[in-house]
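# Close look at the chain arrangement
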Amino acid sequence: MQKLSVQVVVVGGGATGTGILRDLAMRGISALLVEQGDLAHGTSSRFHGLLHSGCRYAVKDPAAARECIEENMILRRIAPNCVEITGGLFVQLPEDDPAYAEEWESACRQAGIEVEEVDPAAVRRQNPALSPRITRAFAVPDCAVDGFRVVWSNLHSARRYGARALTYTRLKAIEQQNSCITGVRAENVLTGEQYHIECQVLINAAGPWAGEVAALAGLEVGVIKDKGTLIAFNHRLVQQVVNRLRPPGDGDIFVPHGPITILGTTSLPVENPADNRPQQKEVLDLLAIGREIIPDLDEYRLIRTFAGVRPLYQEVPLAGSGRSVSRNYALLDHQQRDGLAGLISIVGGKFTTFRLMAEKAADLAAGKLGISRPCRTAGEPLFDPLPPEWLERGRKVFGVAAAHKAAERLGDDFAAVVARAEQNPEQARILCECELVSQAEVEQALAADTTFTLGDVRRKTRLGMGTCQGTFCSYRSLGILSRYPRFAADHRQYLADFLQKRWKGMRPVLWGQQLREAQLSTAIYSALFGMERML
Ligand SMILES: Cc1cc2nc3c(=O)[nH]c(=O)nc-3n(C[C@H](O)[C@H](O)[C@H](O)COP(=O)(O)OP(=O)(O)OC[C@H]3O[C@@H](n4cnc5c(N)ncnc54)[C@H](O)[C@@H]3O)c2cc1C
């Protein structure tokens, strides 16, 4: 059993938990994060990737809309390499209520969001895939955001301030004495190693699992688990984020991310926070609604589908649609609420407002520890700017396009990856052509103490996330994987697990071009490599 002692333990390695860790560390508070999977294992990697302008919430929840636009502007400033400033559009079709557009426009302006009516013909010239039936269009400051990158950047920054994180480590028990938190017990789910961590404050940032974590302290926190399914297309169908101009509903947002586009989402209550399996019916429903905005949607290849579970807070969970529940967050001081000192829960909210949620939770924790140092996360960038000479050296080893992509992805780690490739020129070769990931980048990820599976490499580097979904880069990585002692014993199992996860997302969209791609993948792995016989 490993014994550790810190002032604050944070449970949950999503945007909220890593944001809290960074905030605490920047205030000089000793903090440790435990995450049951890899970072961004939960909802923070299973969402649209829309950095909301707030327009979507302006009519129903003006306070949330105001928070979104403020946080949108802050994240653009502190994490420029995590945000693609695409801009957004709200478009109306003839069947949508025209009166809603007036109410919406005035609500956006009142929330301080800049919206500008634009000519639908001009919008279509820039986005020819959009429906010619669009009657009105408004430009808004929506953006695309990379969830993995934000979460990893939070951790990198927090570590620079002395914070620690244990991934694949599940909180198992919460210890208390005289109604005060005294520590937690946790277990490494891969090795079985046990931890006893003493702490004065415990922050529950477990997203859709927040109810389960609170239950370890004998408390009830009402979390509605609301599953949303999304589809990834292998084209950039639109240049801006496109929202339907009507009250928020299913399938009404398209978000472009680099060369792909994400369409979502559905809203279905589930019992289990880990229930993120998309159903084919949800996919068909999404396509039916999406076709109203992009009539030729069926012409494009669907790469995969995936689902996330929204943690929606409601003090007394009621049955019914998640759409009617607020997307706002709740900060629960369990000392005031339940008489248990030292426990804080932060539940609900949106990815867009994670930094603000983290600030509020860290303020409360700091207050409990008698520390008055203020939050600095709104001002200090997540990365130091990359010195231009490193980009130049990167271009020489990886080529211009791959160097730029890697620099965006890697932030502070880029220099180390370039140096690795300079010392070992064979590592400059590209393993994943879709995402332009070099061998040096994969080796850097494999050497990290937070990498335990090929999936962890994928989340750190984007290997296998592009349009071929790992068909070509998985087997190329296998030889490299087997050179690392941590993976050597069972490297074929790592490959099988990786491919299984990719297949899980492809199965509900296996038709047309994607079926052809899947057959190619089957031919390579089953017929050529005899994968079934390998295991
Ligand atoms: C389909 C969908 C689309 C969305 N689209 C958007 C969008 O476009 N823009 C936006 O702003 N928001 C969006 N959201 C909302 C947003 O994704 C979430 O609000 C946000 O990611 C939640 O982050 P979190 O850190 O609070 O939770 P999570 O990311 O779920 O993190 C919680 C973590 O806690 C860990 N954990 C749980 N129990 C334990 C334990 N016992 N021990 C250790 N670790 C534990 C989990 O493994 C998990 O990684 C969307 C949500 C969904 C579902």
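Relevant structure appears above.
Report on the accompanying structure. (Residues numbered from 1 in each chain as written. Predicted model: local features only at pLDDT ≥ 70, side-chain atom pairs only at ≥ 80, totals over all residues. Heavy atoms only, no water.)

## Here's the deal with the overall build of the protein
What counts, and what does not: Under the DSSP-based scheme used, a helix requires at least four consecutive residues in state H or I and a strand at least two consecutive residues in state E, with every element numbered from the N terminus. A radius of gyration in this sense is built from C-alpha atoms; the matching globule rule multiplies 2.2 Å by the number of residues raised to 0.38. Buried, partly exposed and exposed residues are distinguished by accessible area as a fraction of the type maximum, computed with a 1.4 Å probe on protein chains only: under 20%, between the cut-offs, and over 50%, respectively. Throughout, a contact is declared for two residues whenever any of their heavy atoms are within 4.5 Å.
Across its full length, the protein carries 19 helices and 24 strands. For 535 residues, the compact-globule estimate of 2.2 N^0.38 gives 24 Å, and the protein sits close to it at 23 Å. C-alpha extents for the protein along the principal axes are approximately 65 × 55 × 45 Å. A total of 535 residues make up the protein; the buried ones form 59% of that total. Across the protein, every contact between residues at least 6 apart in sequence was considered, and the portion connecting residues at least 24 apart equals 72%.

## Observations regarding the sheet that holds strand β11 (residues 169-177)
Heads up, the condition is: When DSSP locates at least two bridges between a pair of strands, those strands are taken to pair. What counts as an axis is a line fitted to C-alpha atoms, over the stretch in contact for a helix, and the angles between N-to-C directions run from 0 to 180 degrees.
Taken in spatial order, the four strands of this open sheet run β1-β13-β12-β11, and their pairing is mixed. Strands at the two margins of the open sheet, each flanked by one partner only, are β1 (2-5) and β11. The average undirected angle you get between the axes of adjacent strands in this sheet is 20°. Pairing geometry for strand β12 (residues 180-188) and strand β13 (residues 194-198), over five bridges, is antiparallel. Looking at the pairing, alanine 186 lines up with tyrosine 195 of β13.

## With respect to the environment of proline 128
Relative to the helices and strands, proline 128 resides in the loop between α4 (120-126) and β8 (136-140). Remark: the alpha-carbon pair of proline 128 and alanine 523, spanning 395 residues in sequence, is separated by 36 Å.

## Quick look at the nonpolar core
Generally speaking, a soluble globular protein has its nonpolar side chains buried in company with each other. We count it as follows: Remark: nonpolar core denotes a set of buried residues (Ala, Val, Leu, Ile, Met, Phe, Trp, Tyr, Cys) joined through side-chain atoms within 4.5 Å.
With 49 residues, the main nonpolar core has Val8, Ile20, Leu24, Leu75 and Ile203 as its most contacted residues. Tallying contributions element by element places helix α9 (residues 354-369) first for this core, with nine residues. Residues in contact with leucine 75, not counting those within four places in the same chain, are Leu51, Pro80, Val83, Val145, Val150 and Phe354. The next biggest cluster of nonpolar side chains, apart from the first, holds 31 residues, and it includes Leu4, Val221, Val223 and Leu343.

## Some remarks on the environment of isoleucine 69
Mapped onto the fold, isoleucine 69 is located in helix α2 (residues 62-78). Judged by its relative accessible area of 9%, isoleucine 69 is buried. Note: C-alpha distance between isoleucine 69 and valine 223 (154 residues apart in sequence) is 25 Å. Once residues within four sequence positions are removed from consideration, isoleucine 69 is found in contact with Ser53, Ala111, Gly112, Ile113 and Pro141.

## A short note on the packing of helix α10 (residues 388-398) against helix α11 (residues 400-410)
So the rule is basically this: Each angle gets one of four labels, with under 35 degrees taken as roughly parallel, over 145 as roughly antiparallel, 65 to 115 as roughly perpendicular, and the rest as oblique. In a left-handed crossing the near helix is turned counterclockwise from the far helix by less than a right angle, and in a right-handed crossing that turn is clockwise. Polarity classes work like this: nonpolar for Ala, Val, Leu, Ile, Met, Phe, Trp, Tyr, Cys and Pro, charged for Asp, Glu, Lys and Arg, and polar for all others, with Gly in that last group.
With their axes 7 Å apart at the nearest point, α10 and α11 run at an angle of 130° to one another. Taken as axis vectors, α10 and α11 run oblique relative to one another. Two packed elements cross with a definite hand, and for α10 against α11 that hand is right-handed. When α10 is examined against α11, the residues Leu391, Gly394, Arg395 and Phe398 are found in contact with a partner set consisting of Val400, Ala402, Ala403, His404 and Ala407. Classifying every residue of the contact of α10 with α11 gives six nonpolar, two polar and one charged.

## Some points on the packing of helix α14 (residues 454-461) against helix α17 (residues 491-506)
Orientation of α14 relative to α17, taken along the N-to-C sense of each, is 55°, at an axis distance of 8 Å. Considered as vectors, α14 and α17 are oriented oblique to each other. Here Leu454, Gly455 and Arg458 of α14 lie close against α17, whose contacting residues are Tyr494, Leu495, Phe498 and Arg502. Partitioning the contact of α14 with α17 into residue classes produces four nonpolar, one polar and two charged.

## A closer look at the site of the ligand
For clarity, the threshold we go by: Put simply, a residue is near a molecule or strand once any heavy atom of it comes within 4 Å of that molecule or strand. Per-residue and other accessible areas follow the Shrake-Rupley method at a 1.4 Å probe size, with only the shown protein chains counted as cover for residues.
In the vicinity of the ligand there are 38 residues, among which Thr16, Glu35, Ser44, Leu50 and Thr352 approach most closely. With the chains in place, 96% of the 1,000 Å² that the ligand exposes on its own is no longer accessible. Those elements giving two or more residues to the shell around the ligand turn out to be α1 (15-26), β11, β15 (223-233) and β20 (302-313). By residue class, the composition of the shell around the ligand is 14 nonpolar, 19 polar and five charged.

## Describing the pattern of salt bridges
Put simply, the rule is: Definition used for salt bridges: Asp or Glu carboxyl oxygen within 4 Å of a side-chain nitrogen of Lys or Arg.
Per the counting criterion, the structure on display carries 38 salt bridges. The salt bridge involving glutamate 95 is made with arginine 133; its shortest N-O contact spans 2.7 Å. Taken together, the positions of glutamate 95 in the loop between β6 (88-92) and α3 (98-110) and arginine 133 in the loop between α4 and β8 put the pair 38 residues apart, joining distant regions of the chain. Since its relative accessible area comes to 44%, glutamate 95 is described here as partly exposed. On the basis of relative accessible area, arginine 133 is assigned to the partly exposed category, the value being 41%. As a salt-bridge pair, glutamate 380 and arginine 376 come within 2.9 Å of each other at their nearest N and O atoms.

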